[in-house]
Amino acid sequence: MSAKPGEELGSEGRWFGDDYERNGLFENTPTRFDELREEFKPRSDEAAGDLDQQFHPFQDDGKRPPVAMETASTGTESGAVFSGVLLLLFSLTQFSVVSVGAYLALAALSATISFRIYKSVLQAVQKTDEGHPFKSYLEMEIALSQDQISKYADKILLYSNTCMKELRRLFLVQDLVDSLKFAVLMWLLTYVGALFNGLTLLILAVVSMFTMPVVYEKHQAQIDQYVGLIRTQVNSVVGKIQAKIPGAKRKEE
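Residues numbered from 1 in each chain as written. Predicted model: local features only at pLDDT ≥ 70, side-chain atom pairs only at ≥ 80, totals over all residues. Heavy atoms only, no water.

Caption draft 1: Quick peek at the overall build of the chain. When helices and strands are counted, the chain shows 10 helices and zero strands. N-terminal to C-terminal, the α/β element order of the chain is α-α-α-α-α-α-α-α-α-α. Going through the 253 residues of the chain one by one, you find that 8% of them count as buried. Taking contacts inside the chain between residues at least 6 apart in sequence as the whole, the part at least 24 apart equals 40%. Summing over all exposed atoms, the chain offers an accessible surface of approximately 22,000 Å²; the carbon and sulfur share of this is 62%. (Helix = DSSP H or I, 4+ residues; strand = E, 2+ residues; numbered from the N terminus. Buried < 20%, exposed > 50% of the residue type's maximum accessible area, 1.4 Å probe, protein only. Contact = heavy atoms within 4.5 Å. Areas by Shrake-Rupley, 256 points an atom, 1.4 Å probe, with all protein chains shown as cover.)

Pasting the structure below:
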């Protein structure tokens, strides 16, 4: 039989144990100590493995999809394209198109000729015969097929015909409201043209193409709210003008 708590602790322990024993608080103390001792015993390998699996369920087994790597690769490609296009546009603001084209050709030729000489010297030193370093690119098919040419030509023809029909409709005032909108747009563009040239507008368009999607993704709710308010106000003003101008009402289809 196990000893009482007070018997192993001296006089103070005996007083402590006797006091709590009278109150019935240490009635099942030895049993409780045995239970705690069993709980803190070293676990077997299988139990430890289950415990590790419970607290560390995500283990790197090499089977997880490389989402982060794909996202980083896409971001790097987008950044490279954005930097290249922006550098080209800024170059066009300082030099003519002919000069920029000549400099780009010289830069490309310098890189390819240097690499070609380097590989030739390396093969001569190592006495290997790897062939032309750009052999795979030289053998690559880059010609457009007849089907691709017809496809792109049909698209260009469709867009051209649609644009000409729309301009004819606006300039010949088939619809008075649409022609007035077009006139207001052209009037605003006169002020834009006085402030910016074509290349500056193109640079702003490229920057917007790469930055606006990110901004819209982060603040989609707020942007949709303000765009909806602006659209409502514009439709209200256009409706009032259309109601006051004779012959401006659209025909019901």
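Caption draft 2: Expanded view of the UniProt feature "transmembrane region" (unreviewed entry) in the chain. UniProt marks residues 85-109 and 195-216 with the feature "transmembrane region" (unreviewed entry), using the numbering shown here. A distance of 20 Å separates the end C-alpha atoms of residues 85-109, which is 92% helix and 0% strand. Helix makes up 91% of residues 195-216 and strand makes up 0%, while its end C-alpha atoms are separated by 27 Å. (UniProt positions renumbered as here; feature names shortened; annotations may be inferred.)

Caption draft 3: Main features of helix α8 (residues 176-195). The end-to-end C-alpha distance of α8 is 29 Å, a good match for the 28 Å that 20 residues give at a rise of 1.5 Å each. For α8, the complete set of buried residues consists of V177, D178, S179 and F182. Packing partners of the buried residues in α8 comprise α7 (146-171) and α10 (220-244). The N-cap of α8, judged by a side-chain oxygen 3.1 Å from the amide nitrogen of V177 a few residues on, is D175. (Expected span 1.5 Å × (residues − 1). Polar contact = N/O pair within 3.5 Å; in protein donor to acceptor, adjacent residues only side chain to side chain.)

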